[in-house]
Amino acid sequence: MDIFKKLKKYYWPYKRFLIFSLISMLFVTVITAAYPVVLQLTIDEVIYPGNFELIPMIVIAFIVLMGIKALTVYTQQYLGDLFGISTVYKVRDDLYKKLQRLSFKYYDNAKTGDLMSRLTADVEGFRFFLSFGFAEMLRVFSMVTVSLAVMLYYSVPLALVTIAVMPFLAVSVYMFDKRVHPAFLGIRRSFGRMNTRVQENISGMNTVKSLSREDFEIGRYEDKGENYRDHYIKTAKIWAKYMPFMEFVGNVSVVALLAYGGYLVMQGSLQPGELAAFFSLVWMFLGPLMNFGFVVNMFSQAKASGERLLEVLESDLELDDQIEPKGESIKGHVTFNNVTLTYVEDDDEALKDISFDAPPGKVVGLIGATGSGKSSITQLMTRFYEPEQGEVLIDGKPTTEYSLKDLRKHIGFVLQEPFLFSTTIKENISYGNPEASMDDIIDAAKSAQAHDFIMEMPNGYDTLLGERGMGLSGGQKQRISIARALLINPSILVLDDATSAVDMQTEFKIQSALKEVMHDRTTFIIAHRISSLKHADEILVLEDGEIVERGKHDYLLQNNGPYQRIYDIQYQDKEAILGKQHV
Ligand SMILES: Nc1ncnc2c1ncn2[C@@H]1O[C@H](COP(=O)(O)OP(=O)(O)OP(=O)(O)O)[C@@H](O)[C@H]1O
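Residues numbered from 1 in each chain as written. Predicted model: local features only at pLDDT ≥ 70, side-chain atom pairs only at ≥ 80, totals over all residues.

Trainee: Which residues make up the overall build of the protein chain, and what values do they have?
Mentor: Looking only at helices and strands, the protein chain features 22 helices and 10 strands. Overall, the C-alpha framework of the protein chain stretches about 120 × 45 × 45 Å when taken along its three principal axes. In the protein chain, buried positions account for 36% of the 583 residues. The long-range fraction of contacts in the protein chain, counting pairs at least 24 apart against all pairs at least 6 apart in sequence, stands at 80%. (Helix = DSSP H or I, 4+ residues; strand = E, 2+ residues; numbered from the N terminus. Buried ≥ 20, exposed ≤ 12 C-beta atoms within 10 Å, placed from the backbone. Contact = placed C-beta atoms within 7 Å.)

Trainee: Give a detailed account of the UniProt feature "transmembrane region" (unreviewed entry) in the protein chain, specifying residues and quantitative values.
Mentor: Mapped onto this numbering, the UniProt entry gives "transmembrane region" (unreviewed entry) at residues 20–42, 54–74, 128–152, 158–176, 242–263 and 275–299. End C-alpha atoms of residues 54–74 are separated by 31 Å, and the span's content is 95% helix alongside 0% strand. (UniProt positions renumbered as here; feature names shortened; annotations may be inferred.)

Trainee: How would you summarise the sheet that holds strand 10 (residues 546–551) if you had to cite specific residues and measurements?
Mentor: Reading across from one edge, 6-7-8-3-9-10 is the order of the 6 strands in this open sheet, with mixed pairing throughout. Of all strands in the sheet, those with a lone pairing partner are strand 6 (411–414) and strand 10, marking the two edges. Averaged over all pairs of adjacent strands, the angle between strand axes in this sheet comes to 15°, irrespective of strand direction. Inspection of the sheet shows strand 9 (residues 538–543) paired to strand 10 by 5 bridges, in the antiparallel sense. Looking at strand 10, one finds that Leu540 is bridged to Arg550. (Pairing = 2+ DSSP bridges. Axes fitted to C-alpha atoms, helices over the stretch in contact; angles between N-to-C directions.)

Trainee: Describe the domain arrangement of the protein chain, and please don't skip the residues or the numbers.
Mentor: As far as domains go, the protein chain holds domain 1 (2–313) and domain 2 (415–489). A C-alpha centroid distance of 52 Å is found between domain 1 and domain 2. (Domains from an automatic or database assignment.)

Trainee: Describe the packing of helix 8 (residues 166–203) against helix 11 (residues 272–313), naming the residues involved and giving the relevant values.
Mentor: The N-to-C vectors of helix 8 and helix 11 enclose an angle of 30°; their axes lie 8 Å apart at closest approach. The way helix 8 lies across helix 11 gives a crossing that is right-handed. Together, Leu169, Val173, Phe176, Asp177, Val180, His181, Phe184, Leu185 and Arg188 of helix 8 and Leu289, Phe292, Gly293, Val296, Asn297, Ser300, Gln301, Lys303, Ala304, Ser305 and Arg308 of helix 11 make up the contact between the two elements. When the residues that make up the contact of helix 8 with helix 11 are grouped by side-chain class, the tally is 10 nonpolar, 6 polar and 4 charged. (Left-handed = near helix turned anticlockwise from the far one by under 90°. Nonpolar A, V, L, I, M, F, W, Y, C, P; charged D, E, K, R; others polar.)

Trainee: Residues and numbers for the sheet that holds strand 4 (residues 389–394), please.
Mentor: The strands making up a sheet associate through hydrogen bonds between their backbones, and the pairing can be parallel or antiparallel. The strand order 2-1-4-5 describes an open sheet built from 4 strands, whose pairing is antiparallel. Two strands lie at the open edges of the sheet, namely strand 2 (351–358) and strand 5 (397–398), each paired on one side alone. Pairing of strand 4 with strand 5 involves 2 bridges; the strand directions are antiparallel. Each residue of the ladder has a partner; that of Ile394, found in strand 5, is Lys397. In this fold helix 12 (residues 374–381) packs onto strand 1 (334–341), strand 2 and strand 4, with an angle of close to 115° to the strand it touches most, strand 1.

Trainee: Which residues make up unusual backbone geometry, and what values do they have?
Mentor: Among all residues except glycine, the phi angle is most often negative; among peptide bonds, the trans geometry is most common. At Asp544, a position not held by glycine, the phi torsion is positive, near 45°. With respect to the helices, strands and loops of the structure, Asp544 is situated in the loop between strand 9 and strand 10. Notably, Asn560 is not glycine yet its phi reads approximately 60°, a positive angle.

Trainee: How would you explain the nonpolar core if you had to name every residue and give the values?
Mentor: One finds Ala445 and Ala483 to be the most contacted residues of the largest nonpolar core, which totals 64 residues. Discounting residues that sit within four places of it in the chain, Ala483 has contacts with Ile429, Ala444, Ala445, Ala448 and Ala450. Membership of the second largest hydrophobic core comes to 58 residues, among which are Leu18, Met151, Ala183 and Met194. (Core = buried A, V, L, I, M, F, W, Y, C linked by C-beta atoms within 7 Å.)

Trainee: Could you give an account of helix 11, naming the residues involved and the relevant values?
Mentor: With 42 residues, helix 11 extends 59 Å from end C-alpha to end C-alpha; this agrees with the ideal 62 Å at 1.5 Å per step. Of all the bends in helix 11, the greatest measures close to 30° and is centred on Phe292. (Expected span 1.5 Å × (residues − 1). Bend = angle between axes of the 7 residues up to and from the residue.)

Trainee: Describe in detail helix 6 (residues 112–154), supporting the description with residues and values.
Mentor: Note on helix geometry: an α-helix contains 3.6 residues per turn, so any two residues three or four positions apart are oriented the same way. Taking 1.5 Å per residue, 43 residues should reach 63 Å; helix 6 reaches 60 Å between its end C-alpha atoms and fits that length. At Phe132, helix 6 shows its maximal kink, close to 40°.

Trainee: I'd like a description of the confidence of the model for the protein chain, backed by residues and values.
Mentor: Per-residue confidence for the protein chain gives a mean pLDDT of 85; residues scoring 70 or more make up 96%. The ipTM value of the predicted complex is 0.93, and its pTM value is 0.74. (pLDDT = per-residue confidence, 0-100.)

Trainee: Account for the packing of helix 7 (residues 156–163) against helix 10 (residues 214–267), with residues named and values stated.
Mentor: Packing of helix 7 against helix 10 leaves a shortest axis separation of 8 Å and a crossing angle of 160°. Between helix 7 and helix 10, the angle falls in the class roughly antiparallel. Note that helix 7 runs across helix 10; the crossing there is right-handed. Contact residues: helix 7 offers Leu158, Val161 and Thr162, while helix 10 offers Ser253, Ala256, Leu257, Tyr260, Gly261 and Leu264. When the residues that make up the contact of helix 7 with helix 10 are grouped by side-chain class, the tally is 6 nonpolar, 3 polar and no charged. (Parallel < 35°, antiparallel > 145°, perpendicular 65-115°, else oblique.)

Trainee: Can you explain the pairing of strand 8 (residues 522–526)? Please cite residues and give values.
Mentor: When you tally the buried positions in strand 8, you get 5 out of 5 residues, the bulk of the element. Bridging between strand 3 (residues 363–368) and strand 8 involves 4 bridges; their strand directions are parallel. The partner of Val363 across the bridge, within strand 8, is Thr523. Across 5 bridges, strand 7 (residues 492–496) lies against strand 8 in parallel orientation. When the bridges of strand 8 are listed, Asp496 appears paired with Ile526. As a crossover connection, the stretch from strand 7 through helix 18 (residues 504–517) into strand 8 is right-handed. (Right-handed = clockwise from strand over helix to strand, strands pointing away.)

Trainee: Describe the site of the ligand, with residues and values.
Mentor: Around the ligand, the surrounding shell holds 13 residues, and the nearest of these are Tyr343, Ala350, Thr370, Ser375 and Ser376. No other element matches helix 12, which puts 3 residues into the shell around the ligand. Partitioned by chemical class, the residues of the shell around the ligand number 3 nonpolar, 8 polar and 2 charged. (Near = placed C-beta within 6 Å.)

Trainee: Quick one: what's the story with the environment of Val295, residue by residue and with numbers?
Mentor: Note that Val295 resides in helix 11. Classification of Val295 as buried rests on a count of 23 C-beta atoms within 10 Å. A C-alpha to C-alpha distance of 41 Å links Val295 and Tyr48, two positions 247 residues apart in sequence. If sequence neighbours within four positions are ignored, Val295 has contacts with Gly133, Glu136, Met137 and Val140.

As structure tokens, then:
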């Protein structure tokens, strides 16, 4: 119940739908319980005494009852659905909002397919219970109560004989719930894993095909599929045992009713019509009780789904970002003071004691082997991650004192793996600044050396891109994301291996253009090619998370250190790397 309590804020605002739906359900129950009474009256008061003139009245009464029942069933179902649909609309909305605010750390471990299945199948499971489950629960209780009351009215001893099986039913429902809940959680988890497989497979299809791993992938999927099937079969077994058992208990009760009821009729203490009514009532009484397993089933599914929804809804937010955005402007002075970063607790430090100062206008180059910590440094400025020790200052103020919005609005980030959305090139460039004019978009694209190739495309800036920017080369994607970063008019620009896929001539042009637009602002260039950062005002050379050398290109070339070694390796192919134009 804790799960339902925690999710109350989503469904409680729509309680009016639920209440009216439940009231309608009560009406339906009362009308259903009236059928056996009408049957009893027909037998005992019309057929036996031969009062056939009452038949038209009884027929009319039946038709009216059925008409009212149809109307109430309609109201009950419609309002029940309204309750479920309105609630999950809000849940889905909140889940999506939450997804936007979850931390980078969360996504480091999250599985897309699993998250997708939470947002779809689990939300749906929860809705199903809200739409039908609540009403079904009430139907069980009301049907049992009303039919029991009518039975007691007709004959107390016969009613007692009929309900003697109740404890058996109660115990089996309890046992059923205990086994079926974990089984359902298993199904949900397994479904999430299966979705993850599909999603990863589709996203990585190029890799799968290029390495001819299709059969391996089929095998891996089969494992997940089998696991899902096995979970389902296990649940089906529990379910399959339950129904016949309940029916058996119900039938025992009916046999007892017929034996004892028949005896009472023969004795003359019960009317035949009353026994006939009893026969209908006993199913009205036992049917819902047996169906209780179905309600428990729905409830278990909803609980399992609710649990998985809460796991997302209750996960920690990105950062404790209590600071309201103030629209602060940032000049771009970046200072690191003895910064240490650990991604995973008890793991090695990704950054150790990093200090540097980058006033506005400075171009900082970061070079070093892969995994040496270059990207990590830049990710601390935007607070994608938090340092373990030390402080990161922007314009002399710790980054923690800025709101995330203000901070990130002024930092243009071109990620190592640029992501483009399946929309037009224009919208991709203006993603961070949707109000930008067409002229600004073109200027940014020109600085990023993207304008010419965009104009060569069939619809220019209105060209639609495929998923993840399909239809563009790696270098073209990089240039579009550089244009996107420039369009937010950043005070700090981070190019994380952002020109690795463009030829050196184009890179040179981009850098010259950047020099103009980033004048008075700070630029960080992460690169493996020395040519990409040789003009930097300061180059930081990283090794295993530490700055092992720093200075300008000319100084580092004489320093007999790692930079010189990198240079030497690349120098062996000097003509190709530096080009004749001294890039
Ligand atoms: N999200 C993360 N979770 C855990 N460890 C991480 C994460 N990101 C990076 N690391 C680890 O931190 C270290 C530094 O990584 P970082 O990405 O900063 O290196 P890099 O110098 O930018 O490498 P590359 O040139 O390959 O991009 C590596 O050992 C890496 O495995």
